[in-house]
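Breakdown of the fold
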Amino acid sequence: MRKMYAIAYAGAAVLLFGCEQQHTPDLDPEVGIACFEAHRFTLTPGTQYEGIDRLTSEAVRIKIMDGVRVATIECPLNPDGTLR
């Protein structure tokens, strides 16, 4: 019985180490808000910023709620992480 537990724990440890997070650029929440503000004039009144969906070294993709659905907007980034 102890061998089964040892095997189960070892298997769980292997799975947990296999789920290592991928390295992403440092996340500055202000970049997402700046992206939202840059698109605000094209959005319907009442649209809300929901948060960052994805961040790469080239772009930030944010989620917005327009009252009916959740959508995404993408903004290109400069090499220093600021909006282009």
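Anything mentioned here points back to the structure above.
Some thoughts on the sheet that holds strand β3 (residues 70–76)
Here we have 3 strands laid out as an open sheet, ordered β1-β2-β3, and antiparallel in their pairing. Each edge of the sheet is formed by a strand with only one pairing partner; in this case those strands are β1 (48–55) and β3. Pairs of neighbouring strands in the sheet enclose a mean axial angle of 30°, with direction left out of account. In terms of strand pairing, β1 meets strand β2 (residues 59–65) through 6 bridges, oriented antiparallel. Residue Leu55 lies in a different strand from β2, and its bridge partner there is Val60. The sheet strands contacting helix α2 (residues 29–39) are β1, β2 and β3, and the helix crosses β1 at an angle near 120°.

Let's talk about the pattern of salt bridges
According to the stated counting rule, one finds 4 salt bridges in the structure shown. One salt-bridge network, in which partners are shared between bridges, spans Asp53, Arg61 and Glu74.

Here we look at the nonpolar core
As a rule of thumb, soluble globular proteins bury nonpolar side chains together. If you look at the biggest cluster of nonpolar residues, it comprises 11 residues: Val31, Cys35, Phe36, Leu55, Val60, Ile62, Ile64, Ala71, Ile73, Cys75 and Leu77. Of all the elements in the fold, those that place two or more residues in this core are α2, β2 and β3. Sequence-distant contacts of Ile73, that is, excluding residues within four places in its chain, are made with Cys35, His39, Leu43, Val60, Arg61, Ile62 and Ile64.

Remarks on the pairing of β3
Along β3, the buried face is formed by Ala71, Ile73 and Cys75; none of Val70, Thr72, Glu74 and Pro76, which line the opposite face, is buried. Pairing geometry for β2 and β3, over 7 bridges, is antiparallel. Bridge assignment links Val60 to a residue of β3, and that residue is Cys75.

Some thoughts on α2
Of all the positions in α2, only Val31, Gly32, Cys35 and Phe36 are classed as buried. One face of α2 carries all of its buried residues, which in axial projection span an arc of 140°. Looking at α2, the residues exposed on the side facing more than 90 degrees away from the buried face are Pro29 and Glu30. On its buried side, α2 packs onto β1, β2 and β3.

So, how was this worked out
Residues numbered from 1 in each chain as written. Predicted model: local features only at pLDDT ≥ 70, side-chain atom pairs only at ≥ 80, totals over all residues. Heavy atoms only, no water. Pairing = 2+ DSSP bridges. Helix = DSSP H or I, 4+ residues; strand = E, 2+ residues; numbered from the N terminus. Axes fitted to C-alpha atoms, helices over the stretch in contact; angles between N-to-C directions. Contact = heavy atoms within 4.5 Å. Salt bridge = Lys/Arg side-chain N within 4 Å of Asp/Glu carboxyl O. Core = buried A, V, L, I, M, F, W, Y, C linked by side-chain atoms within 4.5 Å. Buried < 20%, exposed > 50% of the residue type's maximum accessible area, 1.4 Å probe, protein only. Arc of directions from axis to C-beta.

Coordinates in, geometry out; function isn't part of it.
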